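Summary of structural features
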Amino acid sequence: HGDWQMRLTNAGEVFVDFTSRRVAYRMVAVLPFKAAVELAGESISDMFTTELLKMAKYGLIERGQITSVLKEQEYGMSGIVDDRMAIEVGRILGVQGVVVGTVSEYGYQKVKVSRAPSVGLSVRMIDTTTGKIVWSISHSMVGDDHTSLSRQAGQVVDQMVTALAAALIDADDDKAAGLPPPAALRAT
């Protein structure tokens, strides 16, 4: 599709919408991710929030505000079942984008004679004005038997956000690097 750039990385597939690259998403809300175990969804969405903060591209809404709106709307922490609901919550919060995700894997796999942690995620950001997907990334990874499940999740999230930042920069998103614009230029 002409408006999308796809990038294959060691952190899965990243899709970036070219038409959204110049939009200033000043404030974004990371909603609790859907997961078979609610605690895993909340925990991994918190990890994703932390990594997005490090990217310094978006201002992020505090988790307490999100929880308050979810309770007011009677969605609960895992009640966001579709993009329409996510957009509605984002509009109530007054943000330009909402990040939603699904934890497809979170557990242990048998590898030879031991067990290894396995984590899989799909995450996307939706523009709350247009309803368009701004970016999307999916990644899964099996660790080694010496890695804890939470550490494995952290590694997957870190790799995803690193790949996302690189894909945004490749798509000419001049805000993706999280760097301030030059204050003064001088030619010699």
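What comes next is a walk through the structure. Since the model is a prediction, treat every value here as computed from it, not as a measurement.

**Digging into the pattern of salt bridges**
What the rule picks out here adds up to six salt bridges. Lys132 is the partner of Asp17 in a salt bridge, and the nearest nitrogen-oxygen pair spans 3.3 Å. Here Lys132 lies in the loop between strand S6 (114–127) and strand S7 (133–142) and Asp17 lies in strand S2 (residues 12–17), a separation of 115 residues in the sequence. Overall, Asp17 belongs to the buried group, its relative accessible area being 1%. It is possible to trace a salt-bridge network through shared partners that takes in Asp82, Arg84 and Glu88.

**Concerning the packing of helix H1 (residues 38–55) against helix H4 (residues 149–170)**
At a minimum axis separation of 9 Å, H1 and H4 run at an interaxial angle of 40°. With respect to each other, H1 and H4 are oriented oblique. The two elements H1 and H4 meet at a crossing, and its hand is right-handed. Here Ile44, Met47, Phe48, Glu51, Leu52 and Met55 of H1 come into contact with H4, specifically with Ser150, Ala153, Gly154, Val157, Asp158, Met160, Val161, Leu164, Ala165 and Leu168. Residue composition of the contact of H1 with H4, grouped by class: twelve nonpolar, two polar and two charged.

**A word on the packing of aromatic side chains**
Enumeration according to the criterion identifies two aromatic pairs in this entry. Here a set of aromatic residues connected by ring pairs shows up, and it is made of Phe33, Phe48 and Trp135. When the ring centre of Tyr108 is taken as origin, the NZ or CZ atom of Arg115, which lies over that ring, is 4.3 Å away.

**Notes on the side chain of Glu51**
With respect to the helices and strands, the residue Glu51 is situated in helix H1. We classify Glu51 as buried; its relative accessible area is 13%.

**Quick look at the nonpolar core**
Phe48, Leu52, Tyr58, Val99, Leu121, Val123 and Trp135 are the most contacted members of the largest nonpolar core, which has 34 residues in total. When residues of this core are traced back to their parent elements, those giving at least two are S2, strand S3 (27–30), H1, strand S5 (97–111), S6, S7 and H4. The element contributing the most residues to this core is H4, with eleven residues. What Leu121 contacts, discounting residues up to four positions off in sequence, is Ile44, Thr102, Val103, Ser104, Ile137, Ser138, His139, Val156, Val157 and Met160. Residues Ile66, Leu70, Ile87 and Ile126 belong to the second largest nonpolar core, which totals 17 residues.

**As for helix H3 (residues 83–93)**
Met85, Ala86, Ile87, Val89, Gly90 and Leu93 are the residues of H3 that are buried. Where the residues of H3 are buried, they touch S3, helix H2 (63–72), S5 and S6. Measuring from the side-chain oxygen of the N-cap residue of H3 to the backbone nitrogen of Arg84 gives 3.3 Å; that N-cap residue is Asp82. Following H3 by one or two positions, Gly94 has its phi on the positive side, about 75°.

**Brief notes about the pairing of S7**
As paired strands, S2 and S7 are joined by four bridges and run antiparallel to one another. Bridge pairing links Val14 to Ile137 in S7. Linking S6 to S7, which pair antiparallel, is a turn of five residues; within it Gly131 sits at a positive phi near 80°.

Conventions we followed
- Residues numbered from 1 in each chain as written.
- Predicted model: local features only at pLDDT ≥ 70, side-chain atom pairs only at ≥ 80, totals over all residues.
- Heavy atoms only, no water.
- Salt bridge = Lys/Arg side-chain N within 4 Å of Asp/Glu carboxyl O.
- Helix = DSSP H or I, 4+ residues; strand = E, 2+ residues; numbered from the N terminus.
- Buried < 20%, exposed > 50% of the residue type's maximum accessible area, 1.4 Å probe, protein only.
- Axes fitted to C-alpha atoms, helices over the stretch in contact; angles between N-to-C directions.
- Parallel < 35°, antiparallel > 145°, perpendicular 65-115°, else oblique.
- Left-handed = near helix turned anticlockwise from the far one by under 90°.
- Contact = heavy atoms within 4.5 Å.
- Nonpolar A, V, L, I, M, F, W, Y, C, P; charged D, E, K, R; others polar.
- Phe/Tyr/Trp six-rings, centres within 6.5 Å; stacked < 30°, edge-to-face > 60°.
- Lys NZ or Arg CZ within 6 Å of the ring centre and 35° of its normal.
- Core = buried A, V, L, I, M, F, W, Y, C linked by side-chain atoms within 4.5 Å.
- Polar contact = N/O pair within 3.5 Å; in protein donor to acceptor, adjacent residues only side chain to side chain.
- Pairing = 2+ DSSP bridges.

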